[in-house]
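The chain contents come next:
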Amino acid sequence: MNKESKRITIAIDGHSSCGKSTMAKDLARKIGYIYIDSGAMYRCCTLFAMREGLIAPDGTIDEASFQNRMSEIQVTFKLNAESGRPDTYLNGQCVEQEIRTMEVSSHVSPVAALPFVRAAMTAQQQAMGKEGGIVMDGRDIGTAVFPDAEMKIFVTASDEIRAQRRFDELKAKGQEANFDEVLANLRERDRIDSTRSVAPLRKADDALVLDNSHMTIEEQNEWLLDRFHELTK
Ligand code: DC
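In this report, the structure presented in the accompanying data block is examined. (Residues numbered from 1 in each chain as written. Predicted model: local features only at pLDDT ≥ 70, side-chain atom pairs only at ≥ 80, totals over all residues. Heavy atoms only, no water.)

Bringing the overall build of the protein into the picture now. When helices and strands are tallied, the protein shows 9 helices and 8 strands. Each of the three principal axes of the protein carries a C-alpha extent, and together these read 50 × 40 × 35 Å. Within the protein, residue pairs in contact and separated by at least 24 positions form 74% of the contacts whose partners lie at least 6 positions apart. Summed over all atoms, the accessible surface of the protein reaches about 11,300 Å², with 50% contributed by carbon and sulfur. Both charge centroids of the protein, one from 30 positive and one from 37 negative side chains, sit 3 Å from each other. (Helix = DSSP H or I, 4+ residues; strand = E, 2+ residues; numbered from the N terminus. Contact = heavy atoms within 4.5 Å. Areas by Shrake-Rupley, 256 points an atom, 1.4 Å probe, with all protein chains shown as cover. Lys, Arg positive; Asp, Glu negative; His and termini not counted. Charge placed at Lys NZ, Arg CZ, Asp CG, Glu CD.)

Here is the structure:
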């Protein structure tokens, strides 16, 4: 089989709100691959725990009950014909809007640090990607989920630029947002994501780095597509 016909695995990792999903979705659409937003899966686990009263208002997680109920969480993605993008489903219900709220964002990193949550989501992600032909974005895709991925990208941008992007995104969706809160939340998530003991956020040794602080969406998409063509030519 030559390289061109082989459907490879593409791992895109990086900090919160650095445009990973925008570039991953665009690349997947252009090359006809499946796109999976692994962060959405951790957001679904968080939403499930919030709905089931497993996270107290002060943020304390009832870990024992949560672990017992992990097998009840099934995350799937379905293409939204109108937007042309995949929507996230938690146990068959579309939760695409709900998982993007500040409330979910403020609880998701501690949830994603729980080893039993990571084990369950990693297994679901590996099952989705076992045939290749997939672009998955997240924090540990190139290091833990698909360490053998043929293409690995590590994306980053300055804190302020990332916070502004998230703030604009929330505003565009008509959600309440305060810039300083968004910035503080993003820094706190980066801290927890990078220092947790299981599969922390870090650049894989063989990943290419993309700092898109001063790039337009078109420029970053073009850069990514060029890397893909270089690798598969
Ligand atoms: O990409 P995002 O902001 O939607 O991710 C939500 C949270 O999930 C983020 O704080 C880190 C966590 N996450 C993770 O631990 N591992 C992944 N592969 C993806 C996301």
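We are not done yet, so read on.
What follows is about the environment of Ile-34. Within the element layout of this structure, Ile-34 appears in strand S2 (residues 34-37). Not counting the four nearest positions on each side in its chain, Ile-34 is found in contact with Ala-28, Gly-133, Ile-134 and Val-135.

Attention now goes to the sheet that holds strand S8 (residues 208-211). The 5 strands are arranged S2-S6-S1-S7-S8 in an open sheet whose pairing can be described as parallel. Unpaired on one side and paired on the other, S2 and S8 mark the two borders of the sheet. Averaged over neighbouring strand pairs, the angle between their axes works out to 20° when direction is ignored. Alignment of strand S7 (residues 151-156) against S8, held across 4 bridges, turns out to be parallel. When the bridges of S8 are listed, Thr-156 appears paired with Asp-211. Contacting strand S1 (9-14), S7 and S8, helix H9 (residues 217-232) runs over the sheet at an angle of about 160° to S7. (Pairing = 2+ DSSP bridges. Axes fitted to C-alpha atoms, helices over the stretch in contact; angles between N-to-C directions.)

Bringing the sheet that holds strand S3 (residues 75-80) into the picture now. The 3 strands are arranged S3-S4-S5 in an open sheet whose pairing can be described as antiparallel. Lying at the two open borders of the sheet, with one neighbouring strand each, are S3 and strand S5 (93-94). As judged from the 2 bridges shared by strand S4 (residues 85-90) and S5, these two strands associate in the antiparallel manner. Bridge pairing in S5 links Tyr-89 to Cys-94. Across the sheet, helix H2 (residues 38-51) touches S3, S4 and S5, and the angle it forms with S4 is around 35°.

Attention now moves to the pattern of salt bridges. A side chain with one charge can pair with a side chain of the opposite charge if their charged atoms come near. This structure, assessed with the given rule, holds 19 salt bridges. Its salt-bridge partner being Arg-69, residue Glu-72 comes within 2.9 Å of it at the nearest N-O pair. In this structure Arg-69 comes out as partly exposed when scored by relative accessible area, which is 23%. Taking the shortest distance from any N to any O, the salt bridge between Asp-190 and Arg-162 comes out at 2.9 Å. Of the two residues, Asp-190 sits in helix H8 (residues 179-195) while Arg-162 sits in helix H7 (residues 159-172), which places them 28 residues apart along the sequence. Asp-190 gets classed as buried once you look at its relative accessible area, which sits at 9%. Assessed through its relative accessible area of 2%, Arg-162 is described here as buried. One salt-bridge network, held together by shared partners, links Asp-159, Glu-160, Arg-162, Arg-187 and Asp-190. (Salt bridge = Lys/Arg side-chain N within 4 Å of Asp/Glu carboxyl O. Buried < 20%, exposed > 50% of the residue type's maximum accessible area, 1.4 Å probe, protein only.)

For the structure shown, the criterion picks out 3 aromatic pairs. Plain terms: the ring middles of Phe-66 and Phe-116 are 5.6 Å apart, the flat faces sit at 85° to each other, and that makes the pair edge-to-face. Of the two residues, Phe-66 sits in helix H3 (residues 63-69) while Phe-116 sits in helix H5 (residues 115-128), which places them 50 residues apart along the sequence. Comparing Phe-66 with Phe-116, the two get one shared label, buried. Both rings, one in Phe-167 and one in Phe-179, keep their centres 6.1 Å apart while their planes meet at 75°; by these two values the pair is edge-to-face. With Phe-167 in helix H7 and Phe-179 in helix H8, this residue pair connects regions lying 12 residues apart in the sequence. The exposure class of Phe-167 is buried, given its relative accessible area of 17%. Judged by relative accessible area, Phe-179 falls into the partly exposed class, the value being 24%. Lying across the ring of Trp-223, Arg-227 places its NZ or CZ 5.1 Å from the centre. (Phe/Tyr/Trp six-rings, centres within 6.5 Å; stacked < 30°, edge-to-face > 60°. Lys NZ or Arg CZ within 6 Å of the ring centre and 35° of its normal.)

We now examine the site of the ligand. Taken together, 16 residues lie near the ligand, and Arg-43, Ser-109, Arg-118, Asp-140 and Arg-196 sit nearest. Within the contact set of the ligand, an oxygen atom lies 3.4 Å away from a side-chain nitrogen or oxygen of Arg-166. Protein chains shield 96% of the accessible area of the ligand, which is 450 Å² for the free molecule. Across the shell around the ligand, the residue classes tally to 4 nonpolar, 4 polar and 8 charged. (Near = heavy atom within 4 Å. Polar contact = N/O pair within 3.5 Å; in protein donor to acceptor, adjacent residues only side chain to side chain. Nonpolar A, V, L, I, M, F, W, Y, C, P; charged D, E, K, R; others polar.)

Distances and angles like these do not, on their own, reveal function.
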